[in-house]
Amino acid sequence: MNAHLFVIPASHPSITVELMLDHKGIAYKRTDLLPVISKAVLRAAGFPGVTVPALKIDGAKVQGSRQIARELERLRPEPPLFPSDPAQRAAVEEAERFGDEELQHPVRQILWWSIKRDKTPLRSYSEGAKLGLPIGLAMKTAAPIVALSARFNEADDEHARNALAALPALLQRVDDWIGAGVLNGETLNAADFQIATSLGLALTLDDLRPAIENRPAGALAKRVVPDYPGHTPPILPPAWLEPLRGGEPATA
Ligand SMILES: N[C@@H](CCC(=O)N[C@@H](CS)C(=O)NCC(=O)O)C(=O)O
């Protein structure tokens, strides 16, 4: 199988697809892209959309972590990403949809808000990446990329604060799915790979880690993505973190 994956280093849905390719035992070539510039490269490579993860596989061009999960399942059914039992599959698909549509973006907005405020941690998210130019130079040219990325992702004060306020309920839903056996079961499924990377990215922020690490959602992230790249020291206004301090999380 000929697979070529386009990613942005430390992009959570990109890591989801890397994990799923590994799960399927599919070897692949990876091209690392800088945010913003990624859009032009993907267009030039013939993809219809402008986001990563983007996968060329046996001639097909597939974008979006959920679409890619289905294509991988079609091309190589074993080991599966989805349960065969219809009710269990529906539950996994709902958790996967939640991970993509509800959990990914708030975490992305909190990260870009933080990086916009202080670009120093950006380098840690690109550790080991092959960006086609020296990492020091890439970081020196990062200011417009960060500004544009923050704008595309609506990572302004209002959205970042709303994202933080939404996080406790999102984490609770993950804990509940783990309790129900939909997530973090004996064999990992597409929803585990989808959700764990958003949690893994969130755990790279010192401001978020205490609200996540000691609960079932944290255990899932540590199992699936123990070495998530990047580290952001505390930067968020303490008042915005108040919603994360309410209530003791259940222990893992
Ligand atoms: N929900 C989509 C999200 C795709 C997405 O928004 N990817 C981001 C990176 S995490 C992207 O390509 N952003 C373009 C940019 O940063 O320039 C998926 O799961 O594939």
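Computed from a predicted model, the values in this text were never measured in an experiment.

Rules used in this analysis
- Residues numbered from 1 in each chain as written.
- Predicted model: local features only at pLDDT ≥ 70, side-chain atom pairs only at ≥ 80, totals over all residues.
- Core = buried A, V, L, I, M, F, W, Y, C linked by C-beta atoms within 7 Å.
- Buried ≥ 20, exposed ≤ 12 C-beta atoms within 10 Å, placed from the backbone.
- Domains from an automatic or database assignment.
- Contact = placed C-beta atoms within 7 Å.
- Helix = DSSP H or I, 4+ residues; strand = E, 2+ residues; numbered from the N terminus.
- Expected span 1.5 Å × (residues − 1).
- Bend = angle between axes of the 7 residues up to and from the residue.
- Axes fitted to C-alpha atoms, helices over the stretch in contact; angles between N-to-C directions.
- Parallel < 35°, antiparallel > 145°, perpendicular 65-115°, else oblique.
- Nonpolar A, V, L, I, M, F, W, Y, C, P; charged D, E, K, R; others polar.

Description of the nonpolar core
Ranked by size, the top nonpolar core spans 62 residues in total, and within it L183 and L199 carry the most contacts. Residue contributions to this core reach at least three from each of two domains, namely domain 1 (3–75) and domain 2 (86–245). In this view, L183 contacts A95, V174, W177, I178, A191, D192, I195 and L220; residues no more than four positions away in its chain are not counted.

Digging into helix 8 (residues 157–179)
The end-to-end C-alpha separation of helix 8 is 34 Å, in line with the 33 Å expected for 23 residues at 1.5 Å each. If you look at helix 8, its biggest bend is around 40°, right at L167, and the proline P168 turns up within four residues after that. Taken together, the buried positions of helix 8 are occupied by A160, A163, L164, L167, L170, L171, V174, D175, W177 and I178. Those residues of helix 8 that are buried lie in contact with helix 4 (86–117), helix 9 (190–203), helix 10 (209–212), helix 11 (216–224) and helix 12 (238–245). Backbone geometry just downstream of helix 8 places G181 in the positive-phi region, at approximately 85°.

Things to note about the packing of helix 8 against helix 11
Between helix 8 and helix 11, the least distance of the axes is 8 Å, while the angle of their chain directions is 75°. The pairing of helix 8 with helix 11 is recorded here as roughly perpendicular in orientation. Touching L171, V174, D175, I178 and G179 of helix 8 are P216, A217 and L220, all from helix 11. Taken together, the residues of the contact of helix 8 with helix 11 break down into six nonpolar, one polar and one charged.

A few points about the domain arrangement of the protein chain
Looking at the protein chain, the domain boundaries give domain 1 (3–75) and domain 2 (86–245). Breaking the side of domain 1 that touches domain 2 down by element, the ones donating at least two residues are helix 1 (12–24) and helix 3 (65–75). Examining the composition of the side of domain 1 that touches domain 2, we find that seven residues originate from one element, helix 1, more than from any other. For the side of domain 1 that touches domain 2, a count of residues per class yields ten nonpolar, four polar and two charged.

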